[in-house]
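Understanding the architecture of this molecule
Chain by chain, the residues:
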Amino acid sequence: MLSAAQIRQSFLDFFKSKQHTIVPSASLMPDSPNLLFTNAGMNQFVPIFLGQIECPYKPGRAADTQKCIRAGGKHNDLDDVGLDTYHHTFFEMLGNWSFGDYFKKEAIAWAWELIIDVWKFPAERVYATIYQPDKSLGDPAERDQEAWDLWAEKFRSIGLDPDIHIVNGNKKDNFWMMGDTGPCGPCTEIHVDLTPGPVRTSVERQKEGALLVNGPDARCIEIWNNVFIQYNANPDGSFVPLPAQHVDTGMGFERVVSIIHGTQNFTTFEHSNKISNYDTDVFRPLFDEIEKLSGKKYTSTLPAAGSTGETEQEKIDIAFRVIADHIRTLSFSVTDGITPGNNGRNYVVKSILRRAVRYGRTLGFKDLFFYKLVDVLAAHMGDVFPELRARKEFVKQTLKTEEEAFNRTLDNGIALFESEAGKGEISGDFAFRLKDEQGFPIELTELMARERGLKVDRERFEVLMDEQRNRARAAQVKSVIKLSEIETKEPTAFLGYDAEETESKVLEVVTVGGKTAVILDATPCYAEMGGQLGDTGTLLAGAEVLAIANTQKSGNTFLHYLAADDVTLTPGAAVTVRIDEARRDAIS
């Protein structure tokens, strides 16, 4: 049976043989300001589709495996991770593209060749969908008869009835639009019927399978979407053909692997209702390491629908899935420069990390554990994503610092939550207190409440958050033009010859040249002077982690310039200051 790595490589090799340029995955940091994360394979190719840049590939064909995150914002799978077999915050999207080169005939022929001839999916269990507009709903454009004819030829060639295996879908399921206006077109999807039973199904069973397509039943799932970009949507609601036609496809890598592994390379479908993305070698190396660290075993149990786990083993298995998913998300996001923080995408990854650390308590972890999984992930995925291996130590240190900060307040926060939950409700005021004092993201508080059958007063929480933001704006950090305007005159005690970490007190917070600087009573950070670069490092304030981007001096006062501007530190606050030892060693 092919390993996950071999399945991925076989996809890329297949399209390389069809004259596609194999391109690296784009960063998870998207170019589009409207996206929190790169969430689809086509994101990096949008400028080509829009004609903003010339296609660099000759011929105009490309294929890749794209790192994707769907958490926060419009596309958010976070709440479902761990509770089922297929939701992830991080996943890979295999894809092939044509930029004004081939179109439907080749795309459908190659999809059939890879799925049926190369990977050997049983064709009786395979279905294709095509676009059939529902004019009563105002669906645009016309039926995609061309796609139907091309699929019909393929199914008939092996004696299958296209009227059974080709299913119509309306705009919701089978028409793709980049926005209200602009490039768009019909899509054709490949679905697989996983209903337990014989590998090769009867005509009656094939008809029953067709009824599951585009429905909510997990026995039939989509694995590959081929979008045919052939129209331009105009502001007046009309659709006109584009001068050049394009193909944009996306295949869920983890889903394909789970089907191939879960059916033992299509030799049995007797237990195919238990197919899981997590029961593959995509996740097994991580599970092995978590088992070794925790002493617990992963057994693949699942909670009932709507439940967050009834038995102890169900809760353990949920924690395994959450932690394995989240270390992938955090490792790749930090690799691509998206570090935990307090705003936007940085807040999302911070929330995901703290969610994972909290689930670690279910497995008995009291000490740091999460960052230790990076080594296994880098060894397992570093060949296909070499950037992870190259930045492994930075990723580990970033996650270790964040995990350590939350560990300081986690147990106290859990105890406070349990006490409050005993009252039968979680008020917005309490949720705000957990966030403000213990560093609990509201999403984590809501998760813990859901586990107890409770709800959080999110509306009241948001009111309190707005009030806090308004107070922060009203008490703006003093801005200084000249360093002589800094009020602190007492010298900073430099302890860096004997310590890499110190407990300190905040004396003043100022902005200098638009950058936030913190003045402390003592520091281990060496200040920039005499040709020597200043130290970088971290400030730990309760459960918050603030990155120090540089250290400079004004007289005998040290200024610790922070990487972020959303700082809530106030004079008198107790902090822990830690230098980046590896960087100091590298530049000293």
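Residues numbered from 1 in each chain as written. Predicted model: local features only at pLDDT ≥ 70, side-chain atom pairs only at ≥ 80, totals over all residues. Heavy atoms only, no water.

1. Some thoughts on the packing of aromatic side chains
Counted according to the given criterion, the structure contains 29 aromatic pairs. Each ring, one from Phe 14 and one from Phe 15, has its centre 5.0 Å from the other, and the planes form 85°; the classification is edge-to-face. The class for Phe 15 is buried, based on a relative accessible area of 1%. Seen in terms of ring centroids, Tyr 298 and Phe 320 are 5.6 Å apart; in terms of plane orientation they differ by 45°. Their pairing is tilted. With Tyr 298 in the loop between helix 9 (284–294) and helix 10 (312–335) and Phe 320 in helix 10, the pair connects residues that are 22 residues apart, well separated along the chain. Neither residue differs from the other here; Tyr 298 and Phe 320 are each classed as buried. Chaining the aromatic ring pairs together yields one cluster made of Phe 45, Phe 49, Tyr 57, Trp 97 and Phe 99. (Phe/Tyr/Trp six-rings, centres within 6.5 Å; stacked < 30°, edge-to-face > 60°. Buried < 20%, exposed > 50% of the residue type's maximum accessible area, 1.4 Å probe, protein only. Helix = DSSP H or I, 4+ residues; strand = E, 2+ residues; numbered from the N terminus.)

2. What about the pattern of salt bridges?
Within the structure shown, the criterion is met by 36 salt bridges. Here Glu 54 and Lys 58 are joined by a salt bridge, their closest N and O atoms 3.8 Å apart. The same class applies to Glu 54 and to Lys 58, which are both exposed. Several salt bridges share partner residues, and in doing so they unite Arg 284, Asp 288, Glu 291 and Lys 297 into one network. (Salt bridge = Lys/Arg side-chain N within 4 Å of Asp/Glu carboxyl O.)

3. With respect to helix 4 (residues 145–157)
Taking 1.5 Å per residue as the helical rise, helix 4 with its 13 residues ought to reach 18 Å, and the 18 Å between its terminal C-alpha atoms agrees with that figure. Those residues of helix 4 not exposed but buried are Ala 147, Trp 148, Leu 150, Trp 151, Ala 152 and Phe 155. Those residues of helix 4 that are buried lie in contact with helix 3 (104–118), strand 4 (126–131), helix 5 (162–165), strand 5 (166–169) and strand 7 (182–193). (Expected span 1.5 Å × (residues − 1). Contact = heavy atoms within 4.5 Å.)

4. Quick look at the pairing of strand 16 (residues 544–554)
Two elements, strand 15 (residues 537–541) and strand 16, share 5 bridges in a ladder whose sense is antiparallel. For Ala 541, the partnering residue across the bridge sits in strand 16 and is Glu 544. Hairpin remark: strand 15 followed by strand 16, antiparallel, with 2 residues in the connecting loop; positive phi at Gly 542, about 65°. Strand direction decides the pairing type here: strand 16 and strand 17 (residues 557–562), joined by 6 bridges, are antiparallel. (Pairing = 2+ DSSP bridges.)

5. Details of helix 11 (residues 344–362)
For an α-helix the count is 3.6 residues per turn, leaving residues at separations of three or four pointing the same way. In this model helix 11 runs 28 Å from its N-terminal to its C-terminal C-alpha over 19 residues, within 8% of the 27 Å that 1.5 Å per residue would give. Where burial is concerned, most of helix 11 is hidden: 16 out of the 19 residues are buried. One or two positions beyond helix 11, positive phi appears at Gly 364, with a value near 85°.

6. Some points on the environment of Asn 273
In this structure, Asn 273 sits in the loop between helix 8 (253–262) and helix 9. Residues Asn 273 and Pro 196, 77 residues apart in the sequence, show an inter-C-alpha distance of 6.1 Å. Discounting residues that sit within four places of it in the chain, Asn 273 has contacts with Leu 194 and Pro 196.

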